[in-house]
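Fold and contact review
As a plain string of letters, each chain reads:
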Amino acid sequence: MPFSNSSDLSPSFILASIPGLEAVQSWMAIPLCSAYILAVAGNCAVLLVVRVEPSLHAPMYFFLCMLAAIDLALATATVPRILSFYWFDSREISFGACLLQMFLIHTLSAIESTVLLAMAVDRYVAICHPLRHAAILTDAATAKVGLLAMARGVLFFLPLPLLLLPLPFCGSRVLSHSFCLHQDVMNLACANTTPSVVYGLTAILLVMGLDAVLICLSYILILKAVLRLAAWRERLKVFSTCIAHICVVLAFYVPLIGLSVVHRFGKDLAPLVHIIMGNIYILVPAVLNPIIYGVRTKQIQRRILSLI
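Residues numbered from 1 in each chain as written. Predicted model: local features only at pLDDT ≥ 70, side-chain atom pairs only at ≥ 80, totals over all residues. Heavy atoms only, no water.

Per an unreviewed UniProt entry, the recorded name for the protein is Olfactory receptor, and the organism is Gymnorhina tibicen. The Sequence similarities (unreviewed entry) comment attached to the protein in UniProt states, word for word, "Belongs to the G-protein coupled receptor 1 family." (UniProt positions renumbered as here; feature names shortened; annotations may be inferred.)

Spelled out as structure tokens, the structure:
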């Protein structure tokens, strides 16, 4: 189904269906819809609880609210479009809508990575410099970090759709996922994509890659401080305050790395693997994050139970 940006004023892409299950994919959308509803309910509950619970008005929980808002936006930017495809067979997505969705996915992921780094720094300051924690991480500083995270994500990933705009697409227009990702769209271009490849890889390394290194460095310093404590019980008590954040970091970076590996080295894998990894990348952090902090934070548990 060839098309070209230069010859077609409204070029479009075809979203990937579940191979071999096209006849029953409306039923396959039910667990996806359930996961989306769970993600929306969980993250909205976190936002509401932090707002109404005065004891949670602290930097760590403000960062958690940012995380919840990002997960809501990321899931809402993708899942409703996927469900419309599965339920109403709306497979075609316009070039502009695809670029917008791609920009939102990559930008929101970059913002989430920055917020996770800020949460790691918060844990480092709280454990290694507890007396200076309130002076360093004030409400104003927390708000500035949120604005910086947004600006960083937009500035680094705005060039991605701009680099794709002038490219011709004259071959297949079938994507590997049920939503638009930069590398997936770029691979369909029938022109030199070296600038887009180089910039995309550079942006990923300077944002997600750098954040991952700094998060690891923060936890190395935290472990050194914890191991200096005399009693094992005290060590476990202090380090247990980091468990929820570590789980959230893993829930974000493991699907991200898995999806990157599938894109880079999994060209011979079954299409179903690409679709499953893409859906995991979009929904797993959004579903797990409120559950993790709900289990680990007694104030959130009590307030949610009272609301129920």
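Having seen the model, we can carry on.
Here the focus is the packing of helix H10 (residues 243-265) against helix H11 (residues 271-296). Two elements in contact, H10 and H11, have axes separated by 9 Å at closest approach and are oriented at 175°. Taken together, H10 and H11 sit at an angle that is classed as roughly antiparallel. Residue composition of the contact of H10 with H11, grouped by class: 19 nonpolar, five polar and one charged. (Axes fitted to C-alpha atoms, helices over the stretch in contact; angles between N-to-C directions. Helix = DSSP H or I, 4+ residues; strand = E, 2+ residues; numbered from the N terminus. Parallel < 35°, antiparallel > 145°, perpendicular 65-115°, else oblique. Nonpolar A, V, L, I, M, F, W, Y, C, P; charged D, E, K, R; others polar.)

Taken as a whole and judged by the stated rule, the model has five aromatic pairs. Taken together, a centroid distance of 5.8 Å and an interplanar angle of 40° make the contact between Phe13 and Phe95 tilted. Linking Phe13 in strand E1 (residues 12-14) with Phe95 in helix H3 (residues 95-128), this pair joins segments that are 82 residues apart in sequence. A relative accessible area of 8% places Phe95 in the buried class. Among the aromatic side chains, those forming a connected cluster through ring pairs are Phe13, Phe95 and Phe169. The ring of Trp232 has Arg235 sitting right over it, with the charged end atom 4.6 Å from the ring centre. (Phe/Tyr/Trp six-rings, centres within 6.5 Å; stacked < 30°, edge-to-face > 60°. Buried < 20%, exposed > 50% of the residue type's maximum accessible area, 1.4 Å probe, protein only. Lys NZ or Arg CZ within 6 Å of the ring centre and 35° of its normal.)

This paragraph deals with helix H5 (residues 139-157). If you check H5, its first and last C-alpha atoms are 28 Å apart, about what 19 residues at 1.5 Å a residue would give, namely 27 Å. Residues Thr142, Gly146, Ala149, Arg152, Gly153 and Phe157 constitute the buried set of H5. Angularly, the buried residues of H5 cover 130° about the axis, an arc narrow enough to put them on a single face. Away from the buried face of H5 by more than 90 degrees, exposed residues Lys144, Leu147, Leu148 and Leu155 are located. Along its buried surface, H5 packs onto helix H2 (59-88), H3, helix H6 (159-164) and helix H8 (194-227). (Expected span 1.5 Å × (residues − 1). Arc of directions from axis to C-beta. Contact = heavy atoms within 4.5 Å.)

All chains considered together, the criterion is met by two disulfides. The disulfide partner of Cys98 is Cys180, and the S-S distance across this bridge is 2.0 Å. Between Cys98 and Cys180, the S-S torsion sits near -120°, and that sign places the bridge as left-handed. In this pair, Cys98 sits in helix H3 while Cys180 sits in the loop between H6 and helix H7 (182-186), placing the two residues 82 residues apart along the sequence. Covalent S-S linkage joins Cys170 and Cys190, the inter-sulfur distance amounting to 1.9 Å. Note that Cys170 is positioned in the loop between H6 and H7 and Cys190 in the loop between H7 and H8, a separation of 20 residues in sequence. Overall, the relative accessible area of 42% leaves Cys170 in the partly exposed class. Here the bonded cysteines of the protein are numbered in sequence order, and their pairing is 1-3, 2-4. Between Cys65, a cysteine without a disulfide, and Cys44, which holds the nearest cysteine sulfur, the sulfur-to-sulfur distance is 11 Å. (Disulfide = S-S within 2.5 Å.)

Looking now at empty space enclosed by the protein. All chains considered together, the criterion is met by one cavity of 30 Å³ or more. Of the volumes computed, that of the largest cavity is approximately 30 Å³. Looking at the largest cavity, the residues that line it are Asn43, Val46, Leu64, Leu67, Ala68, Asp71, Asn289 and Pro290. Contributions of two or more residues to the lining of the largest cavity are made by helix H1 (25-52), H2 and H11. Broken down by element, the lining of the largest cavity gets its largest block of residues, four residues, from H2. Along the lines of polarity and charge, the residues of the lining of the largest cavity split into five nonpolar, two polar and one charged. (1 Å grid on protein atoms, 1.4 Å probe; cavity = no way out; pocket = protein on both sides within 12 Å on 5 of 7 lines; lining within 4 Å. Points joined across faces, edges and corners; volume = space filled by probe spheres on them.)

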